[in-house]
Amino acid sequence: VETPKEEEKPTEEANEQKDVIKKEKIKAPKRKYAIIHGYNGHDFCGNQKNKNVRTVEGELETSLYKARFISECNYGNFAKIGWMRASRTDKGVSAVMNVVSCKLHKYPEISEKDMKQKLNDILPKDIHIFRFIEMSEHFDSKENNNHREYHYILPTFMLEPKTADYKIPYNQTKETPMEEYKANYEFKLSPELHDKVKAICKAFVGTKKYHNYTKKVGFSEAQSVRHIYEMNCDDIINYDGFEAIKFKIVGQSFLYNQIRK
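Residues numbered from 1 in each chain as written. Predicted model: local features only at pLDDT ≥ 70, side-chain atom pairs only at ≥ 80, totals over all residues. Heavy atoms only, no water.

## A word on the pairing of strand E8 (residues 242–251)
Regular strands have side chains that alternate between both faces of the sheet.
Consideration 1: E8 sits mainly inside the fold: eight of its 10 residues count as buried.
Consideration 2: In this structure, strand E5 (residues 148–155) lies alongside E8, joined through eight bridges in antiparallel fashion. The residue bridging Glu149 from the neighbouring strand is Val250, located in E8.
Consideration 3: Bridge count for strand E7 (residues 225–239) against E8 is nine bridges, and the pairing is antiparallel. Note on E8: the bridge partner recorded for Ile237 is Ala244.
Consideration 4: Taking the residues that link successive antiparallel strands as the turn, the E7-E8 hairpin has two residues, and the phi of Asp240 there is positive, at about 55°. (Buried < 20%, exposed > 50% of the residue type's maximum accessible area, 1.4 Å probe, protein only. Helix = DSSP H or I, 4+ residues; strand = E, 2+ residues; numbered from the N terminus. Pairing = 2+ DSSP bridges.)

Right, dumping it as structure tokens:
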């Protein structure tokens, strides 16, 4: 007498495969695109996609899916569409212009201009698409990038010299909470001090080792070498009631944490 075989239970992997099969597949061909965009980073936890937080890439991917440029079977998996970013930005950091490259479904009746308009209609107001450009299959927004440019605004009162006998004002302590801190908003950068800061900036220009700006790379590693094309602080501006200095940094590429520090 044959013993009846126990019915095999479908594995978790098999269930996932069935789910993928059930998902809608778009028949339109896929093409590589460069998506040139900008964003106000105030309400984002950086641009790189992360779980349980709002990111620029998360909003972009969802909007591309809603616009049917990404099919349901590829949605949620960047590897399937060859997603690559030109540069990463941290929490609260804005970008005048950044680029991502990925494979999207191309519809003959929709021009690149129409793609831009369609996506901007779906995206939240703090992200804007400037252009869609169809690229070759080998284009990579990270590798095919010859420089990155960053601008930072620093209040000049942060550069106010402190003498050796400097005393903390009577109404403050070293533990003063940030919201109670009172800066010297009246401070103005002198021409002499401005020249000194400019000279410091010039010391960064050129090809140098930047291993001491990150924990991930050692002195002896070739990866620690980076080339800075330009670093200046020529512009003094009035910013929200106080004087500020604008730093401009242009480099071929940056190490992890280098640009932040």
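Back to the write-up after that little detour.
## Brief notes about the confidence of the model for the protein chain
Consideration 1: Per-chain confidence: the protein chain averages 86 in pLDDT, with 84% of residues scoring 70 or above.
Consideration 2: Contacts for the low-pLDDT stretch residues 17–21, under 50 throughout, to residues beyond four places or in other chains number one contact. (pLDDT = per-residue confidence, 0-100. Contact = heavy atoms within 4.5 Å.)

## So, the nonpolar core
Consideration 1: Formed by 26 residues in total, the largest nonpolar core has its most connected members in Ile35, Leu60, Leu64, Trp83, Leu104 and Phe132.
Consideration 2: For this core, the element with the most residues is strand E3 (residues 95–105), which contributes four residues.
Consideration 3: Once residues within four sequence positions are removed from consideration, Leu104 is found in contact with Pro29, Lys30, Arg31, Tyr33, Ile35, Leu64, Phe69, Ile70, Met115 and Phe132.
Consideration 4: In terms of nonpolar packing, the next biggest core, distinct from the first, is built from 22 residues, Tyr150, Leu193, Tyr213 and Ile245 among them. (Core = buried A, V, L, I, M, F, W, Y, C linked by side-chain atoms within 4.5 Å.)

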